[in-house]
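Topology and contacts: notes
Below, each chain spelled out in residue letters.
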Amino acid sequence: MKGAAMSVVALIGAQWGDEGKGHLVDLLASKARLVVRYGGGNNAGHTVDNHLGTFKLHLIPSGIFDPATVNVIGSGVVISPEALLLEIAELKSRGVNTSKLFISERAHVVMPYHVILDKLQEQDRGDGKIGTTGRGIGPAYADKMSRTGIRMADLLHEETLLNRLRGVLEEKNRLLTKLYGVKAISLHETYLRYLNFGHQLAEHITDTHPIIQRALAKDIPILLEGAQGGLLDVDHGTYPYVTSSPPGAAGACQGAGIGPTRIDSVIGVYKAYTTRVGEGPFPTEIDGPDADALRQMGTPWAEVGTTTGRLRRVGWFDGVMARYAAQINGVDTVAITKLDVLDGIETIKICTGYKLHDTMLEFPPATTAVLEQVEPVYEEVSGWMTSTVDIRRFQDLPEAAQAYVARICQLVGARLGIISVGPKRDQIIMASEVF
Ligand code: IMP
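Note that the structure is predicted; figures quoted are calculated from it, not measured.

1. Notes on the pattern of salt bridges
Tallying each qualifying case throughout the model produces 19 salt bridges. In this structure, Arg425 and Asp26 form a salt bridge, with 3.0 Å as the shortest nitrogen-oxygen distance. Residue Arg425 is found in the loop between β19 (415-420) and β20 (428-430), and its partner Asp26 is found in helix α1 (residues 21-28); the two are separated by 399 residues along the sequence. Residue Arg425 is classed as partly exposed on the basis of its relative accessible area of 23%. Given a relative accessible area of 1%, Asp26 falls into the buried group. Between Glu82 and Arg193 there is a salt bridge; the shortest N-O distance is 3.1 Å. In this pair, Glu82 is assigned in helix α2 (residues 81-93) and Arg193 in helix α6 (residues 187-201), connecting sequence segments 111 residues apart. On the accessibility criterion, Glu82 (39% relative accessible area) is partly exposed. You can call Arg193 partly exposed: its relative accessible area is 36%. Ionic contacts of the salt-bridge type, sharing partners, join the residues Asp18, Lys271, Glu303, Arg312 and Lys338 into one network.

Okay, structure coming up:
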């Protein structure tokens, strides 16, 4: 942390996504004047519950509910224009002002062939499937890296769009028809459809670099809003069971276009336990009554994916993975969400280490095959067996809950910042200043 006032804060998921980031961003957006979503696409889903109602956001930064806040969808995001337009329409119809939403010209577009290929590739993987959200995210990022992507700015230029699309579709259609035996995509129809999306989004599409740089120059509080989580990172996550972008603090710099020296604080968001959607290793995963209690079915906190409606896998807090994610992302502040979900659990387990055969591991192994063999070492702590949903100060939490939170911070190796005890905007305990 540098300087007295913290003006650039990255809020990142530090597990496998779904940590409850949207809920915190919604609150912190009232302090930030600029919120930048920097990566991922509509594979993400944030549930925000505030004075205006309950909203499910996939692409639009959660700062949108604050009329004074500027919201940017940064260059590192891959955008489904169709999904974005639906989101804008839904917000507008419920009285939310979207005029301060700016979309980077440099952000890539998720095209219809990305969605088709995502699903076909998953089918081909058979038992080795990743469990993607089926939103075309992997293929869209692959095209960006292969330099065959289409960017938001291209949707505003008829000639560029037609030329790029013509070149790309030639290759994609060969793949679709010859390899997968499915229908080709029409150049004409796709061109007209995406040109129309461009027209509809034109007022929002711009060069977001000046907006971000001016805010930095004026020390305006900026919140970098993460999607997914550190353990889904394409480089450092549980590969290949990851997403196709860097969802952490480095991704925040890259996707927003902000140098790493400008970030003042990184908040790592951790659920008080662990969840995962999709396939892949999950050492502390559990079944049975404790799992049912953690899933909270039928409540607003229910562990069902916001984007796909899939039931989330659940397990105990994993201190090894938590520390690993903190190290990669330079987490200096811990936010713990859904503490109230543990209110009725008599004995809570915390994973403090991994055992592989007879060896204790300090760090998670890099490969799935080995990670699947580790045995979590648990510490058992007594639950508090009383409701925390109305508590607003750390010192008012039951002693056992305070101790649990302190243990998590110790394992992560960072100070406590925020605790959430329910889905509402005010069900938050601020343990230290964020901006
Ligand atoms: P993709 O990002 O759709 O390619 O999916 C790759 C993996 O990341 C799958 O396991 C997904 O379930 C997971 N994933 C992607 N986005 C999210 C998210 O926002 N929350 C939780 N898991 C996600």
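Moving on from the coordinates now.
2. Let's talk about unusual backbone geometry
The linkage connecting Tyr239 with the following residue, Pro240, adopts the cis geometry, with an omega of 5 degrees. Within the element layout of this structure, Pro240 appears in the loop between β10 (222-225) and α8 (249-256). Phi angles above zero are rare outside glycine, and Lys338 is one such case at about 60 degrees. Mapped onto the fold, Lys338 is located in the loop between β15 (333-337) and β16 (347-356).

3. Looking at the sheet that holds β20
Read from one edge to the other, the open sheet built from 10 strands follows the order β9-β7-β5-β2-β10-β1-β11-β15-β19-β20, with strand pairing classed as mixed. Across the chains shown, the open sheet's two edge strands, defined by having one partner strand only, are β9 (205-206) and β20. As paired strands, β19 and β20 are joined by 3 bridges and run antiparallel to one another. Each bridged residue has a counterpart across the sheet, and for Ile418 the counterpart in β20 is Met430. Packing against the sheet, helix α7 (residues 209-217) makes contact with β1 (8-13), β2 (34-37), β5 (70-73), β7 (101-104), β9 and β10, and its axis sits at approximately 135 degrees to β2.

4. Some remarks on the packing of helix α3 (residues 112-125) against helix α5 (residues 158-179)
For the pair α3 and α5, the least separation of the axes is 11 Å and the interaxial angle reads 25 degrees. As judged from the angle between their axes, α3 and α5 are roughly parallel. Relative to α5, the crossing made by α3 is left-handed. Of the residues in α5, those touching α3 at Tyr113, Ile116, Leu117 and Leu120 are Leu165, Val168, Leu169, Lys172, Leu175 and Leu176. Looking at the contact of α3 with α5, its residues break down into 9 nonpolar, no polar and 1 charged.

Cut-offs used in this document
- Starting afresh in each chain, residues are numbered from 1 along the sequence in its written order.
- It should be noted that, the model being predicted, local features are given only for residues of pLDDT at least 70 and side-chain atom pairs only at 80 or more, the latter also being counted only at that level, while totals for whole chains, interfaces and linings use all residues.
- Note that water and hydrogens are dropped before the side-chain values are worked out from all heavy atoms of the structure.
- In what follows, salt bridge is the name for a side-chain nitrogen of Lys or Arg lying within 4 Å of a carboxyl oxygen of Asp or Glu.
- Helix and strand definitions follow DSSP, with helices as H or I runs of at least four residues and strands as E runs of at least two, each counted in order from the N terminus.
- Exposure categories follow from relative accessible area, calculated using a 1.4 Å probe and restricted to protein chains: below 20% of the type maximum is buried, above 50% is exposed, and the middle band is partly exposed.
- In this scheme, strands are said to pair when DSSP sees at least two bridges between them.
- By definition in these notes, contact holds between two residues if any of their heavy atoms fall within 4.5 Å.
- An axis is simply a line fitted to the C-alpha atoms; with a helix, the fit covers only the stretch in contact. Between two such axes, the angle follows the N-to-C directions and lies from 0 to 180 degrees.
- Under this scheme an angle from 65 to 115 degrees is roughly perpendicular, one under 35 degrees roughly parallel, and one over 145 degrees roughly antiparallel; angles in between are oblique.
- In this scheme, a crossing is called left-handed if the near helix is turned counterclockwise away from the far one by less than a right angle; it is called right-handed if the turn is clockwise.
- Following the grouping adopted for this structure description, the nonpolar residues are Ala, Val, Leu, Ile, Met, Phe, Trp, Tyr, Cys and Pro, the charged ones are Asp, Glu, Lys and Arg, and the polar ones are all others, Gly among them.

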